[in-house]
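Structural characterization, general
Given next are the chains, with one letter for each unit.
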Amino acid sequence: MSKIIVANWKMNGSFEFIEEFFQSFESTTNHTLIFCPPFPYISAIKSHGFSLGAQDCSPHTHGAYTGDISAKMIKDIGADYVIVGHSERRHYHGESSQLIKDKATVALDAGLTPIICVGESHQVRQSGSHIQFVIDQLQASLPDHRQNILVAYEPVWAIGTGLTASPDDIGEMHAALRNILPTTPLLYGGSVNQENASVILALDNVEGVLVGGASLKPQELNQIVKS
Ligand code: PGA
C-alpha cells in the first residue's frame, strides 16, 4: 500500500549537500515522498522529480511582514505542501494552535496541503492526559475545511531524541485521531529510522511517517522508503 514519507530537513543542507545527497539517493518509489528542505533549497530539489514542501508559512497572504514567506509564494516555487505547527516552531517561536489554524487556512487557500503537527511533551505523557491533550491541540489547530490536509502525530519527547513511541502508544493515539478525522492521512514522526520504519508503517491508522534526522542520510532514507 502506498504511504506518505515526509523528509523534514529542518535547518540543514547546502547546495553542495544536495548534490551529494542525490548522487546516492535512489529515486524510484511507489510511495509519496515529500522533501521539505529550508526555503532557499526548494527549487534546487525540484529537478529530482519528488514532491516538495516548505517547513512553515506566514498566516498572512501578503503585506508588511518582514522575513515572512506566504503560502502563495511557496506554491509559486513549485511546492505542494507546507508543515505547520511543528513542535520546534510551537516551542522556539511560541506558536499557538490558533496561529497554526490560521497558517493551515491560508495554505489551503493557496492550494497547498498543510501537514499539521501535534504532539505532547514528556510531562504531559507522564501525567496520563496525552490523548486529551493531543485531541485538544488538534481541534484548535484544524482549519474549518478539512479536505486536503495531512496530520502528523509527533510526540515532543520522541523528536530528535532517539526515543520512539512504542507501536502500542502510536496505535492508541492514531485510533483517537482517527475518530476525529475518519479520512485524513495520519503520519507518525519522532526518531523514525531504517530500523523502526517498517513496523510503524504497518500499524493501523498510520498512512505515513515524518522523518527528521534520518532523512538527511540518503542511504537511510532509501531504506525507509523501501520499508
Ligand atoms: P526526528 O525529527 O526524526 O529527527 O526525530 C522528526 C521531526 O521533527 O519531524
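Everything below is about the structure shown above.
Residues numbered from 1 in each chain as written. Predicted model: local features only at pLDDT ≥ 70, side-chain atom pairs only at ≥ 80, totals over all residues. Heavy atoms only, no water.

Quick word on the sheet that holds strand 4 (residues 81-84)
Taken in spatial order, the eight strands of this closed barrel run 1-2-3-4-5-6-7-8, and their pairing is parallel. Averaged over neighbouring strand pairs, the angle between their axes works out to 25 degrees when direction is ignored. Taken together, the two bridges between strand 2 (residues 32-36) and strand 3 (residues 51-54) define a ladder with parallel strand orientation. Looking at strand 3, one finds that Ile 34 is bridged to Ser 51. This element, helix 10 (residues 218-226), spans strand 1 (4-8), strand 2 and strand 8 (208-211) of the sheet and lies at about 160 degrees to strand 1. (Pairing = 2+ DSSP bridges. Helix = DSSP H or I, 4+ residues; strand = E, 2+ residues; numbered from the N terminus. Axes fitted to C-alpha atoms, helices over the stretch in contact; angles between N-to-C directions. Contact = heavy atoms within 4.5 Å.)

Looking at helix 8 (residues 167-180)
Residue pairs three or four apart in sequence face the same way in an α-helix, which turns once every 3.6 residues. Between the first and last C-alpha of helix 8 there are 20 Å, a value that for 14 residues agrees with the 20 Å anticipated at 1.5 Å per step. By the burial criterion, the buried members of helix 8 are Ile 170, Met 173, His 174, Ala 176, Leu 177 and Arg 178. In this structure, the buried side of helix 8 is in contact with helix 6 (122-127), helix 7 (130-141), strand 6 (150-153), strand 7 (186-189) and helix 9 (197-201). (Expected span 1.5 Å × (residues − 1). Buried < 20%, exposed > 50% of the residue type's maximum accessible area, 1.4 Å probe, protein only.)

Thoughts on the state of the cysteines
Summed over all chains, the structure comprises zero disulfides. We note that Cys 57 lacks a disulfide partner, and the nearest cysteine sulfur, in Cys 36, lies 12 Å from it. Just so you know, Cys 117 is unpaired, no disulfide at all, and the nearest cysteine sulfur is the one on Cys 36, 9.3 Å from it. According to the relative accessible area criterion, Cys 117 is buried, its value standing at 2%. (Disulfide = S-S within 2.5 Å.)

Some remarks on the site of the ligand
Contacts to the ligand come from 13 residues, most closely from Lys 10, His 86, Glu 154, Gly 160 and Ser 191. One nitrogen or oxygen atom from the side chain of His 86 is found 2.6 Å from an oxygen atom belonging to the ligand. One nitrogen or oxygen atom from the main chain of Ser 191 is found 2.8 Å from an oxygen atom belonging to the ligand. When the ligand is considered free in solution it has 280 Å² of accessible area, and contact with the protein chains removes 95% of it. In this structure, the ligand is accommodated by the second largest pocket. (Near = heavy atom within 4 Å. Polar contact = N/O pair within 3.5 Å; in protein donor to acceptor, adjacent residues only side chain to side chain. Areas by Shrake-Rupley, 256 points an atom, 1.4 Å probe, with all protein chains shown as cover. 1 Å grid on protein atoms, 1.4 Å probe; cavity = no way out; pocket = protein on both sides within 12 Å on 5 of 7 lines; lining within 4 Å. Sits in = over half its atoms within 2 Å of the grid points.)

Digging into the packing of aromatic side chains
Tallied over the full model, the rule gives 15 aromatic pairs. Centre to centre, the rings of Phe 25 and Phe 35 are 5.8 Å apart; their planes meet at 85 degrees, and the pair counts as edge-to-face. You can see Phe 25 sitting in the loop between helix 1 (15-24) and strand 2 and its partner Phe 35 sitting in strand 2, a full ten residues away along the chain. In terms of burial, Phe 25 and Phe 35 fall into one category: buried. Relative to Phe 50, the ring of Phe 25 lies with its centre 5.7 Å away and its plane at 70 degrees, an arrangement referred to as edge-to-face. Of this pair, Phe 25 sits in the loop between helix 1 and strand 2 while Phe 50 is found in the loop between helix 2 (42-46) and strand 3, placing the two residues 25 residues apart along the sequence. Summarising the burial analysis for this pair, Phe 25 and Phe 50 share the class buried. (Phe/Tyr/Trp six-rings, centres within 6.5 Å; stacked < 30°, edge-to-face > 60°.)

Purely geometric stuff here, so don't read any function into it on its own.
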